[in-house]
Amino acid sequence: MKSLMPLIASLLFTSTTAFCPSQPVTGHLEGGLKHRSSDRRRETGKKSLTRVPLEVDSRNSGKTELQWMATITVGTPPQTFKVVVDTGSTALVLPRNNCTNCGKHSLFNPSKSTSFSPQPALFRPIEYGTGADTIPLNQTGRAECEVVTDTVSIQGLSAPKQEFLLCHSYGETLSSQLADGILGIGPADISAWDESGNFTYLPFLPNLVSEGQLSNRIVGLALGSGGQNQQQRGPEASIGGVDDARYHGRIKNVSVDEMLTTLSGVFTLDVQAAYIGSGNNKRVWPNSTNGNKPLVPGVAYIDSGTAYMLAPDQQAAENLYSGISKDIVPLNDRGSWGASCATLDEVATDITFTIGTKTRGEVIEVTMPKSAFNLGEYPGKKGVCQAAFSHWDPPLIEPIEGRRLWLFGSPLIKAYYTVWNAKSSTLGWAEKV
């Protein structure tokens, strides 16, 4: 799998960094952008559930799934683009026709759209911390963009006068990925292009609600193929409701940490415990710095735009892999781990987390299946495969209580039918069919 999510600057705190919640929030994925929740608008609309087919970008004959893309149109007459469906951001990002380093992407041509407006004409750079690959970036990527306005549509739903980022320069990561851009569907229902919050805008989903195109902002994601009890179906997003055909049993709704979710612009959950294995065959993920007692609880950013999992620090990753196989070793200086492909396939195991908090709702266990443990062959190292967990480098903590910070990407998310409900501040987990 792959990720192209731009990481928010508010994530980028080491264990020694102090943070005052009253300070301005330094952007989410779009770099330097402030994201916040608002109840100023009623989420009332006219249209019900809309199913959006997703296309997967993969390598290694489909073994390594990098990202999931939807098709959108922009402008009048419509110009078509493939965009990453990213729960970790809120802005739409596209390349402009004057971009000279945007690879082979489809480029938006404003002069061919009668509904285009250059307003509000704000110039904004964007930054991103993970790219279109399973390998963490060695430095923050960057693109140069301008905030413009036009009609944006997906599967018959249209948001006129949608503000978005139109880029005249793409970084290498953005230019080399398969998708043309990013469609942020993160939790904020109002965002701002600047630190002061003077230039606010409605992200795409809230705009659809305000236009009466959707009755709510609920998004259901079925990534990967169907479960064991049903013929395989392709990946799909349900916008405006829950698709009962994509899961069975009960949706277990876990409350997000609202303060951290607001500050970061990413759905953020409490992590109570971590285990190697699942069910009755699991054992605690040890903490070698504390007498091999269980890991100290933390929090996790949940992001569909990241193709791997991130442990809080190198020691946590080392503790995991030392309990599985001594042959799993660091592959680079960016936090990736791996071993021979044969070894990873042999030792692959489920990894289970206890998430949620009793003070705000359900506490449940979710499991990354062993089928996601091996991300496939590491680029440039024949016969060597990458394991699912990398680690933050430098180590990160969340900025309010200083708890350890994880990132759960698509290796976990795609194992479930997930329901992203910004209105109720919950993230639902159900068994896929």
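Residues numbered from 1 in each chain as written. Predicted model: local features only at pLDDT ≥ 70, side-chain atom pairs only at ≥ 80, totals over all residues. Heavy atoms only, no water.

Visitor: Sorry if this is basic, but what is going on with the state of the cysteines here?
Guide: Each disulfide consists of a covalent bond between the sulfur atoms of two cysteine residues. According to the stated counting rule, one finds three disulfides in the structure shown. In this model, Cys 145 is linked to Cys 167 through a disulfide, with the two sulfur atoms separated by 2.1 Å. Between Cys 145 and Cys 167, the disulfide has an S-S torsion of 85° and is therefore right-handed. One end of the pair, Cys 145, is in strand β8 (residues 141–154); the other, Cys 167, is in strand β9 (residues 157–169), with 22 residues separating them in the sequence. Across the pair, exposure class does not vary: Cys 145 and Cys 167 are buried alike. The disulfide partner of Cys 341 is Cys 385, and the gap between their sulfur atoms is 2.1 Å. Here the disulfide of Cys 341 and Cys 385 is right-handed, its torsion about the S-S bond being about 90°. (Disulfide = S-S within 2.5 Å. Helix = DSSP H or I, 4+ residues; strand = E, 2+ residues; numbered from the N terminus. Buried < 20%, exposed > 50% of the residue type's maximum accessible area, 1.4 Å probe, protein only.)

Visitor: Looking at this structure, how should I read the sheet that holds strand β30 (residues 416–421)?
Guide: Picture the strands of a sheet paired through backbone hydrogen bonds; they go either parallel or antiparallel. With antiparallel pairing, the six strands of this open sheet are ordered in space as β2-β14-β13-β30-β31-β15. Looking along the sheet, the strands with just one partner apiece sit at the ends: β2 (50–53) and β15 (247–255). Each strand axis lies, on average, 20° off the axis of its neighbour in the sheet, ignoring direction. (Pairing = 2+ DSSP bridges. Axes fitted to C-alpha atoms, helices over the stretch in contact; angles between N-to-C directions.)

Visitor: Hey, could you run me through the environment of Ile 302 in this one?
Guide: Looking at the element boundaries, Ile 302 is found in strand β20 (residues 298–302). Judged by relative accessible area, which is 1%, Ile 302 ranks as buried. In the structure, Ile 302 is positioned 33 residues away from Leu 269 in sequence and 7.5 Å away in space, judged by C-alpha atoms. In this structure, Ile 302 is in contact with Thr 87, Val 266, Phe 267, Leu 269, Phe 408, Ile 413, Trp 420, Leu 427 and Trp 429, ignoring residues within four places of it in sequence. (Contact = heavy atoms within 4.5 Å.)

Visitor: What should I look at first to understand the UniProt feature "active site" (unreviewed entry) in the protein chain in this one?
Guide: Under the present numbering, the feature "active site" (unreviewed entry) in UniProt falls on Asp 86 and Asp 303. Spanning 218 residues, the named residues form one tight spatial group whose C-alpha atoms are at most 7.1 Å apart. Looking at the secondary structure, you find Asp 86 in strand β5 (residues 79–86). Look at Asp 86 and you get buried, because its relative accessible area is 1%. Within the structure, Asp 86 has its side chain in polar contact with the backbone nitrogen of Gly 88 (distance 2.9 Å). Tracing the backbone shows Asp 303 in the loop between β20 and β21 (309–311). Residue classification places Asp 303 among the buried residues on the basis of a relative accessible area of 0%. A distance of 2.6 Å separates a polar atom in the side chain of Asp 303 from the backbone nitrogen of Gly 305. (UniProt positions renumbered as here; feature names shortened; annotations may be inferred. Polar contact = N/O pair within 3.5 Å; in protein donor to acceptor, adjacent residues only side chain to side chain.)

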